[in-house]
Every structure is written in structure tokens, then in C-alpha cells.
Number of protein chains: 2
Amino acid sequence: MKFLTMDSSSRKLIICAVNKNSKVGIFLDNAGKHGKLLAPAIKNMLEFIELDIKDLDFIGCGAGPGSLTGLRVGISTVKGLSIPWKKQIAIFNSLDIVSRASGAEGKHVVLRKGRKGYFYWQKYCGFNRIGDTNFSSIDDLHRFLEKELTLIFENEKDASSFEEYRCIISPEPTFEVITKITTNSYYNNKLVHALELKPLYMQKSIAEINWEKKHGD
Amino acid sequence: MKFLTMDSSSRKLIICAVNKNSKVGIFLDNAGKHGKLLAPAIKNMLEFIELDIKDLDFIGCGAGPGSLTGLRVGISTVKGLSIPWKKQIAIFNSLDIVSRASGAEGKHVVLRKGRKGYFYWQKYCGFNRIGDTNFSSIDDLHRFLEKELTLIFENEKDASSFEEYRCIISPEPTFEVITKITTNSYYNNKLVHALELKPLYMQKSIAEINWEKKHGD
């Protein structure tokens with residue numbers, strides 16, 4: 001199987017290319033703007049592994065939730081690569097990466113920081129998502145989430161508002177994690193045409209909030 | 001802290017560069033000759049993270065045991081980078097990566113395939129190496145290794161000769177793992193000058209074996 005997959009929904013940009021039995025992955029943590037780094041990183045990786053976009057079976061793409069700008073950059077890049085060669089996209093929920101990397105096996109919730117005082121969150125049982133992805137304030141989360149749930153965060157600081165829960169800080173994801181999630185999406189027929197590809201936005205952008213303040217909803 | 005670190009002792013080439021709070025890592029699994037890929041991969045990574053060899057605090061280097069050619073390529077590259085700028089090298093045992101990635105906490109042994117019927121091996125208790133790194137035949141290993149030890153392998157196939165033990169296949173290492181091992185080596189004053197840098201060879205190369213066959217020891 002030959003594919004390229006990536007997630008640009010957080011400050012951790014993760015890209016992986018698989019060419020049959022060979023694999024190359026690049027991981028950029030807090031390294032600079034995704035808009036500047038994503039395209040050259042993909043170019044280098046495909047050269048390293050001697051892979052051509054036209055030969056890919058499909059392209060994987062994390063659809064969020066997470067950084068609005070990160071998702072716009074990632075999804076636009078994937079669209080740009082796939083449309084000329086009519087490559088289908090295997091989309092996946094970006095929080096699946098955090099859940100899998102954590103190794104949590106029972107019921108757990110992945111929480112990712114949104115704007116101040118708000119978190120994106122998703123319930124899991126093992127590898128399976130339970131219900132929809134949500135966006136809630138810390139106060140609401142304390143009301144919604146049962147105390148016996150394990151909460152998974154991406155860093156120590158985010159967990160500090162949830163001291164009465166069992167909190168786990170998820171380790172850095174491996175490329176094994178992102179390739180497993182991508183191939184699962186591929187086999188479960190989550191393939192979409194590039195023009196149908198949309199980021200999973202849960203929060204309004206600051207621009208939208210400012211617009212509404214000025215002009216009403 | 002600013003450093004570059006790498007391990008080229010197996011088919012999994014792993015390189016990581018840290019520039020204060022930013023990190024970039026590249027992982028090449030079975031992707032081609034290290035001799036062709038290592039130097040351009042380092043160049044790209046340093047560019048991505050806006051890091052210059054002359055500004056590094058030190059360079060990390062896995063010294064083996066493992067692939068003879070891989071180690072020669074890696075160590076020569078590190079020497080080439082460090083000598084002009086007089087950068088010291090933080091060396092580490094390449095099997096530490098497999099041990100750490102496995103998450104094994106008690107007494108365990110990491111085994112890496114050498115030539116046919118032979119393994120490099122190292123005992124650990126938690127993160128600590130117990131005794132020296134060894135190179136033994138499968139028959140000898142069955143005699144040396146107590147049955148209650150957990151054995152860690154890099155792939156399923158290697159474990160098949162040790163069915164009477166509890167075997168774990170170590171997952172892909174994260175860049176967190178290699179940076180932790182490298183900084184531990186740095187803080188424990190395992191720094192050496194590039195000219196002192198030597199690979200940990202445990203087995204004779206085929207060329208040496210053939211020479212001895214022809215000319216005697």
C-alpha cells in the first residue's frame with residue numbers, strides 16, 4: 001500500500017508516507033508555522049521514500065478538532081495534492097491520535113485546549129469513539145464528566161483544571177499510531193473526494209466572534 | 001538546549017534536532033541506504049528548525065550494537081559534523097532505545113538480531129543497564145537467560161526462537177525516547193571528543209571472517 005497521511009490540528013505537525021514496506025515520518029513540535037513547513041516537509045519525505053503523488057492509493061488527513069489555522073493549512077494542502085490526481089482522502093478525527101498514543105484501554109475522554117477556558121472533547125471506550133466530538137467550557141465539563149472517567153490531555157498545564165479526575169498526559173504519538181488510524185479509516189470506507197473534505201470546526205474563530213459583536217448573529 | 005541526535009544502528013534510522021522548545025524528528029524505516037539518506041535528512045531538519053551546527057551544545061550518537069554499515073555511516077557523519085566546530089558527542093547504547101520504547105519496568109533483556117543464529121543482548125533493570133552488552137548464539141542464550149526474564153525484541157520474527165519466554169515486541173520509538181536517552185548521556189558526562197567516538201561492534205564483519213578463513217586468525 002502507498003499513502004501519505006498527516007495531521008496539522010495541533011502544534012505537533014505529524015506527517016507520514018508509506019511505500020509498501022518502507023516508511024518515512026516527520027514530526028515537527030512547536031517548530032514554526034505549518035503554512036511554511038508542511039509543503040517542503042511532504043516534498044522531502046516523498047523524495048526520501050521515492051514516492052510520487054500520482055502513485056498513491058489514497059491520502060490520509062486529520063480533520064480536527066484543533067487549531068483553526070493549522071487545519072486550514074493542512075486541509076488546503078491535501079486538497080491541492082489530491083485534486084490533480086483524483087486521489088481520495090481517508091479522513092480521521094485528530095483526537096483519535098491522542099487516544100491511541102495514550103494506550104488507555106477502558107472508558108476515557110480526550111480533551112484538547114480550545115480558546116481560553118474551553119476544551120474540545122471526545123469520549124472513547126478502547127479505540128471506539130462514543131458519541132460526537134464536543135466543545136465545552138471547563139465549568140460545563142465538570143458537570144458533564146463522571147468522576148470515574150480517565151481524562152487524557154496533551155500536556156500537564158491543560159490537566160491542572162481537572163485535579164479531581166484521574167488524568168493522563170499522552171506521550172508523543174508514533175508514526176505507527178497515525179498509520180494505523182489512517183488505514184482503519186481507509187478500510188472502513190471513510191474515503192471522501194477532496195471537494196467534500198471539511199475540517200471539524202467546533203469553536204467560532206475570533207474573526208467570527210468579532211463580526212457577531214459588531215453586526216449581530 | 002540545542003542539540004542534534006541520531007541512531008543509525010538498525011533499519012530504523014531515527015534523527016532528532018532540538019532548538020530550545022522546538023523539536024523536529026525524522027524516522028526512516030526500511031527506506032533505503034543510510035549512506036544516501038542520513039546527510040540530506042539532517043540538512044532538511046536543521047533548516048526546518050532554523051538551527052546551525054555551529055550553535056549546537058553537543059551532538060548525540062547511538063554507538064550500537066547493530067548494523068555494521070549503519071553504524072559506520074552514522075558515526076562518520078557525526079564526526080564530519082562535529083570536528084570542524086569542535087562539538088562534543090553524547091554517546092549512548094542503541095539498545096537503550098528499544099528498552100525505553102518497550103516501557104518494560106522490571107528486569108528485562110533486549111535482544112537484537114546479529115548474523116544468522118546470533119543476537120546482541122543487554123540486561124536491564126528498569127532504565128539501568130546490568131553488565132555489559134553481549135553477542136551470543138541462540139543456543140547459548142537459552143542456557144544463559146533465566147526463564148522468568150522478559151525478552152524484548154524489535155520484531156515478531158526474531159522472537160520466534162524464544163517461545164518459552166515472555167516476549168514483548170517493542171513499539172516504534174518516539175523522539176521523546178531518543179532525546180531523553182541523549183540528554184541523560186549529556187548530564188552524566190558521557191561526552192567524548194569526536195576522535196574518540198567508536199562504534200560498539202560485537203560481531204566480526206563477514207570480511208573479517210572470510211579473511212580469517214583464508215589466512216588464519
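### Examining the sheet that holds strand β5 (residues 89–92) of chain A
In sheet architecture, strand pairing relies on hydrogen bonds along the backbone and comes in two forms, parallel and antiparallel.
Now for step 1: If you trace the 12 strands from one edge of the open sheet to the other, you get β11(A)-β5(A)-β4(A)-β1(A)-β2(A)-β3(A)-β3(B)-β2(B)-β1(B)-β4(B)-β5(B)-β11(B), paired in mixed fashion. Of all strands in the sheet, those bounded by a partner on one side alone are β11 (191–192) of chain A together with β11 (191–192) of chain B.
Now for step 2: With six bridges connecting them, strand β1 (residues 2–7) of chain A and strand β2 (residues 12–19) of chain A associate as antiparallel partners. Bridge pairing in β2 of chain A links F3 of chain A to V18 of chain A.
Now for step 3: Along the sheet, helix α2 (residues 68–85) of chain A makes contact with β1, β4 (58–62) and β5 of chain A, crossing β4 of chain A at roughly 170 degrees.

### Let's talk about the domain arrangement of chain A
Residues and elements named next belong to chain A.
Now for step 1: The domains assigned to chain A are domain 1 (2–94 + 173–215) and domain 2 (95–169).
Now for step 2: A C-alpha centroid distance of 23 Å is found between domain 1 and domain 2.
Now for step 3: Counting residues at the interface gives 22 residues for domain 1 and 17 residues for domain 2.
Now for step 4: Of the roughly 1,600 Å² buried between domain 1 and domain 2 on both sides combined, carbon and sulfur atoms contribute 58%.
Now for step 5: Three residues stand out in domain 1 for area buried against domain 2, namely N93, M202 and Q203, and they jointly supply 34% of the buried area on that side.
Now for step 6: On the surface where domain 1 and domain 2 come into contact, there are zero salt bridges.
Now for step 7: Ranked by residues supplied to the side of domain 1 that touches domain 2, first place goes to helix α6 (residues 175–187) with five residues.
Now for step 8: In terms of residue class, the side of domain 1 that touches domain 2 is built from 10 nonpolar, eight polar and four charged.

### Structural notes on helix α1 (residues 34–48) of chain B
Now for step 1: For α1 of chain B, which comprises 15 residues, the first-to-last C-alpha distance of 20 Å matches the rise-based estimate of 21 Å (1.5 Å per residue) to within 8%.
Now for step 2: Tucked into the core, α1 of chain B has its buried residues touching β3 (22–29) and α1 (34–48) of chain A together with β1 (2–7), β2 (12–19), β3 (22–29) and α2 (68–85) of chain B.
Now for step 3: One or two residues past the end of α1 of chain B sits E50 of chain B, with phi positive at roughly 50 degrees.

### Some words on the relation of the copies chain A and chain B
Now for step 1: Mapping chain A onto chain B leaves a residual RMSD of 0.1 Å; the transformation is a rotation of 180 degrees accompanied by 0.0 Å of translation along its axis. Those values place the two copies in the arrangement expected of a two-fold rotation axis. Rotation axis and chain A: the residue whose C-alpha lies nearest the axis is I26 of chain A, separated from it by 2.2 Å.
Now for step 2: A share of 100% of interface residues in chain A that are also interface residues in chain B marks the association as one of identical surfaces.

### Remarks on the state of the cysteines
Now for step 1: Taken as a whole and assessed by the stated rule, the structure comprises zero disulfides over all chains.
Now for step 2: We note that C61 of chain A lacks a disulfide partner, and the nearest cysteine sulfur, in C16 of chain A, lies 14 Å from it.
Now for step 3: Owing to a relative accessible area of 0%, C61 of chain A belongs among the buried residues under this scheme.
Now for step 4: Summary of cysteine pairing: C125 of chain B is not part of a disulfide, and the nearest cysteine sulfur, belonging to C167 of chain B, is at 19 Å.
Now for step 5: A relative accessible area of 34% places C125 of chain B in the partly exposed class.

### What to know about the sheet that holds strand β8 (residues 128–137) of chain A
Residues and elements named next belong to chain A.
Now for step 1: With mixed pairing, five strands are arranged side by side in an open sheet as β8-β7-β6-β9-β10. Strand pairing shows two members of the sheet lacking a second neighbour, β8 and β10 (166–169), which therefore form its edges. Along the sheet, successive strands turn relative to each other by an average axial angle of 25 degrees, direction set aside.
Now for step 2: Across seven bridges, strand β6 (residues 107–113) lies against strand β7 (residues 118–125) in antiparallel orientation.

### Some thoughts on the packing of aromatic side chains
Residues and elements named next belong to chain A.
Now for step 1: Using the criterion set out here, one finds 23 aromatic pairs over all chains in the structure.
Now for step 2: Their ring planes at 10 degrees and their centres at 4.9 Å tell us that F3 and F58 sit as a pair that is stacked. On the criterion of sequence distance, the pair formed by F3 in strand β1 and F58 in strand β4 is long-range, its members being 55 residues apart.
Now for step 3: Overall, F3 belongs to the buried group, its relative accessible area being 3%.
Now for step 4: Accessibility expressed as a relative area gives 0% for F58, which makes it buried.

Here is what the cut-offs are and how they apply
- Residues numbered from 1 in each chain as written.
- Chains lettered and ligands numbered in written order.
- Predicted model: local features only at pLDDT ≥ 70, side-chain atom pairs only at ≥ 80, totals over all residues.
- Heavy atoms only, no water.
- Pairing = 2+ DSSP bridges.
- Helix = DSSP H or I, 4+ residues; strand = E, 2+ residues; numbered from the N terminus.
- Contact = heavy atoms within 4.5 Å.
- Axes fitted to C-alpha atoms, helices over the stretch in contact; angles between N-to-C directions.
- Domains from an automatic or database assignment.
- Buried area = accessible area lost by both parts, 1.4 Å probe.
- Salt bridge = Lys/Arg side-chain N within 4 Å of Asp/Glu carboxyl O.
- Nonpolar A, V, L, I, M, F, W, Y, C, P; charged D, E, K, R; others polar.
- Expected span 1.5 Å × (residues − 1).
- Least-squares fit on C-alpha atoms with pLDDT ≥ 70 in both.
- Disulfide = S-S within 2.5 Å.
- Buried < 20%, exposed > 50% of the residue type's maximum accessible area, 1.4 Å probe, protein only.
- Phe/Tyr/Trp six-rings, centres within 6.5 Å; stacked < 30°, edge-to-face > 60°.

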